Amino acid sequence: MAVLTLGCKLNQSDSEALARRLAGEGVRVVDRPVRGAQAFVINTCSVTHVADRKARHLVRLARRLSPDAEIVLTGCYAETAPADIAGVIGADAVLANAEKPQIAERLLSRLEDRGDPYAGCPTPVRPTGPSGNPLRTRAFIKIQEGCDELCAFCIVPYTRGREQSVPIADVVSQVQEREADGVLEVVLTGTQLGNYGRDLGWPREEQGPRRLLAELLQRTSLPRIRTSSLQAQDIGTHLLALWSDPRLCPHFHIPLQSGSDAVLGPMRRRYSADEYRRAVSLIRKHLPAAAITTDVIAGFPGETDADFEATLRLCEESSFADMHCFPYSRRPHTGADRMDGHLPPQTRRERLERLLTLQKRSSKAHRQGRLGDTADVLWEEQTEGRWQGLTGDYVRVYASSDSDLTNRLTAARLERLEGEGVYGVPAPP
Ligand code: SF4
């Protein structure tokens, strides 16, 4: 069967959990659309209308590839889609995010009814770990879900619900399990990591990933722990002090969205442009070599030319290692949907183009700055004879090597720019 995933790292971790559960029952699980698969789970995103379109496309593709397959639509589009979506696009079931834990049972009983669960499914692409589970080089671990922030452009609070933290003990045992499976890097994911522990009644100064990270550093020994998005207001000296441990990846993803207070206010973001600057300079002070990446929205309702110039200036001065740039996308139920001042698509496109030009320049400058360095690279897989992997500061590295580098962490000399990454020479084994 195929588990197809769109969207964020949180969705990745949900899909991974489902694939592990099914593989544990002897079901062959692949992560790409395959002809003849007996079942498909399509774990969707709804952060933009483009994401909605991709979700519908994948359901239709699955139905074409396997007319008799059991097709389950889940994830955030399952939350926002019209009630009749299943019939419209040909899904057998539409299950909300909260219903994801039921999917494995549902499919196992369906697959059993149809006899050999292996039938019609090619060999999984991934090697398996000692536990027989598909081995991912980087495992996504969900530590938190949901968000109480209600930023004006964001649909996630409506699709992921209120904040829920996974207790520290559960997270530690999941990471220990992955470590036993040979995983070398875990990525801690969630919707709002900065509020980790709030729903557990922790005092404000204790909230956030600091306690969890300290516990993981103490009770596990895998070489890499990476955090996913943190907000500017989450960055403090206390938290950054933990990064004296080289096992924490020197990479911070801090969404900016806009560089103008006149936009950040209506967006209901929890920081000003200057507070964002302070967070960036605090990281630079503690970890001069750290990579900072970000998200930026072009064309939020009411955004003036001057506001947009302020965004470009702040992005320029922050020397981001990479930027995810999006045109503002109108989402139902969100505060911005009811606002005046929506900008014409042409304006949003033009501003996005300018952001993308800056993104390319910033990313290139970050990678150029790494050339000549020797960095630890976690090699993932070989495609078309080329190995690829990631440095701790999130630079993608390509290499040619006769050795099997699958899931190996090796030093590599970073030699030249290549594609969206760099070409590196792995140290001899
Ligand atoms: S913090 Fe804002 S943008 Fe992020 S998930 Fe919550 S509401 Fe959405």
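Residues numbered from 1 in each chain as written. Predicted model: local features only at pLDDT ≥ 70, side-chain atom pairs only at ≥ 80, totals over all residues. Heavy atoms only, no water.

**Q** Hey, could you run me through the state of the cysteines in this one?
**A** Note on terminology: disulfide describes a covalent bond linking the sulfur atoms of two cysteines. Within this structure, the stated rule accounts for zero disulfides. No disulfide involves C45; its sulfur sits 6.3 Å from the nearest other cysteine sulfur, which is in C76. Exposure remark for C45: the relative accessible area of 14% places this residue in the buried category. For the unlinked cysteine C249, the closest cysteine sulfur is that of C8, found at 19 Å. On the accessibility criterion, C249 (3% relative accessible area) is buried. (Disulfide = S-S within 2.5 Å. Buried < 20%, exposed > 50% of the residue type's maximum accessible area, 1.4 Å probe, protein only.)

**Q** Looking at this model, I keep getting lost on the pattern of salt bridges. Mind explaining?
**A** A pair can form between side chains of opposite charge whenever their charged atoms are brought close. Here the structure, examined in full by the defined rule, presents 36 salt bridges. In this structure, the salt-bridge partner of E206 is R211, at a minimum N-O distance of 3.4 Å. Judged by relative accessible area, which is 35%, R211 ranks as partly exposed. The partner of R396 in a salt bridge is E380, and the shortest N-O contact between them spans 3.4 Å. With R396 in strand β15 (residues 396-399) and E380 in strand β13 (residues 374-383), this pair connects stretches of sequence that are 16 residues apart. For R396, a relative accessible area of 23% gives the class partly exposed. Of the residues examined, E380 reaches a relative accessible area of 16% and is grouped as buried. Because the salt bridges share partners, they merge into one network encompassing D14, K100, K142, E145 and R160. (Salt bridge = Lys/Arg side-chain N within 4 Å of Asp/Glu carboxyl O. Helix = DSSP H or I, 4+ residues; strand = E, 2+ residues; numbered from the N terminus.)

**Q** It is not clear to me how the packing of helix α7 (residues 168-180) against helix α8 (residues 210-219) should be interpreted in this structure. Could you clarify?
**A** Axis angle and axis distance: for two packed helices, these are the angle between their axes and the distance between the axes, and together they describe the pair. Where α7 meets α8, the closest approach of the two axes is 10 Å, and the angle between their N-to-C directions is 40 degrees. In terms of axis orientation, α7 runs oblique to α8. Classified by chirality, the crossing of α8 by α7 is right-handed. When α7 is examined against α8, the residues I168, V171, V172, V175 and Q176 are found in contact with a partner set consisting of R211, L212, E215, L216 and R219. In terms of residue class, the contact of α7 with α8 is built from six nonpolar, one polar and three charged. (Axes fitted to C-alpha atoms, helices over the stretch in contact; angles between N-to-C directions. Parallel < 35°, antiparallel > 145°, perpendicular 65-115°, else oblique. Left-handed = near helix turned anticlockwise from the far one by under 90°. Contact = heavy atoms within 4.5 Å. Nonpolar A, V, L, I, M, F, W, Y, C, P; charged D, E, K, R; others polar.)

**Q** Sorry if this is basic, but what is going on with the domain arrangement of the protein here?
**A** How large an interface is tends to be reported as the accessible area lost when its parts come together. With domains assigned, the protein is organised as domain 1 (2-114), domain 2 (137-242), domain 3 (250-370) and domain 4 (371-426). Computed over C-alpha atoms, the centres of domain 1 and domain 4 are 32 Å apart. (Domains from an automatic or database assignment.)

**Q** How should I be thinking about the site of the ligand in this particular structure?
**A** Surrounding the ligand, one finds C147, E149, L150, C151, F153, C154, V156, P157, T191, Q192, Q231 and R269. Looking at the shell around the ligand residue by residue, the classes come out as seven nonpolar, three polar and two charged. (Near = heavy atom within 4 Å.)

**Q** Mind showing me how you'd approach helix α1 (residues 9-24) here?
**A** Owing to its 3.6 residues per turn, the α-helix brings residues three or four apart onto one side. When the terminal C-alpha atoms of α1 are compared, their 22 Å separation across 16 residues agrees well with the 22 Å that a helix rising 1.5 Å per residue should span. For α1, every residue scored as buried is listed here: L10, N11, S13, D14, S15, E16, L18, A19, R20, L22 and A23. G26 lies just past α1 and shows a positive phi near 85 degrees. (Expected span 1.5 Å × (residues − 1).)

**Q** Please explain the nonpolar core as it appears in this structure.
**A** In summary, soluble globular proteins display a tendency toward joint burial of nonpolar side chains. Core analysis: the biggest nonpolar cluster contains 64 residues, and V186, L188, I225, I235, F252, I254 and Y276 have the highest contact counts within it. Counting residues per element, this core draws most heavily on helix α11 (residues 273-286), at five residues. Counting contributing residues per domain, this core is built from domain 2 (137-242) and domain 3 (250-370), each supplying no fewer than three. Contacts of V186, omitting those with residues within four sequence positions, involve A139, I141, V175, L222, R224, I225 and R226. Membership of the second largest hydrophobic core comes to 25 residues, among which are L4, F40, A55 and V59. (Core = buried A, V, L, I, M, F, W, Y, C linked by side-chain atoms within 4.5 Å.)

**Q** Sorry, what's going on with the environment of R331 here?
**A** Tracing the backbone through its elements, the reader meets R331 in the loop between β12 (322-327) and α13 (345-370). Overall, the relative accessible area of 5% leaves R331 in the buried class. For the pair R331 and A152, spaced 179 residues apart in sequence, the C-alpha to C-alpha distance is 9.5 Å.

**Q** Explain the packing of helix α12 (residues 305-318) against α13 to me, please; I cannot follow it from the model alone.
**A** Where α12 contacts α13, the axes come no closer than 11 Å and their chain directions differ by 10 degrees. Between α12 and α13, the angle falls in the class roughly parallel. Residues D305, F308, E309, T311, L312, C315 and E316 of α12 form the contact with α13, whose own contacting residues are R351, R354, L355, L358 and R361.

**Q** Is there a simple way to think about the environment of R338 in this case?
**A** Within the secondary structure, R338 sits in the loop between β12 and α13. The exposure class assigned to R338 is exposed, which follows from its relative accessible area of 61%. Separated by 324 residues in the primary sequence, R338 and D14 have C-alpha atoms spaced 32 Å apart.

**Q** Is there a simple way to think about the pairing of strand β17 (residues 421-426) in this case?
**A** A regular strand places its side chains so that they alternate between the two faces of the sheet. Among the six residues of β17, five are classified as buried, and the element is accordingly described as predominantly covered. In this structure, β15 lies alongside β17, joined through two bridges in parallel fashion. From the neighbouring strand, V397 faces β17, where its bridge partner is V422. Here strand β16 (residues 409-418) runs beside β17; their pairing, made up of six bridges, is antiparallel. In the sheet register, A412 faces β17, and the bridge partner there is P426. Hairpin geometry of β16 and β17 is characterised by an intervening segment of two residues between the two adjacent antiparallel strands and by a positive phi of about 55 degrees at G419. (Pairing = 2+ DSSP bridges.)

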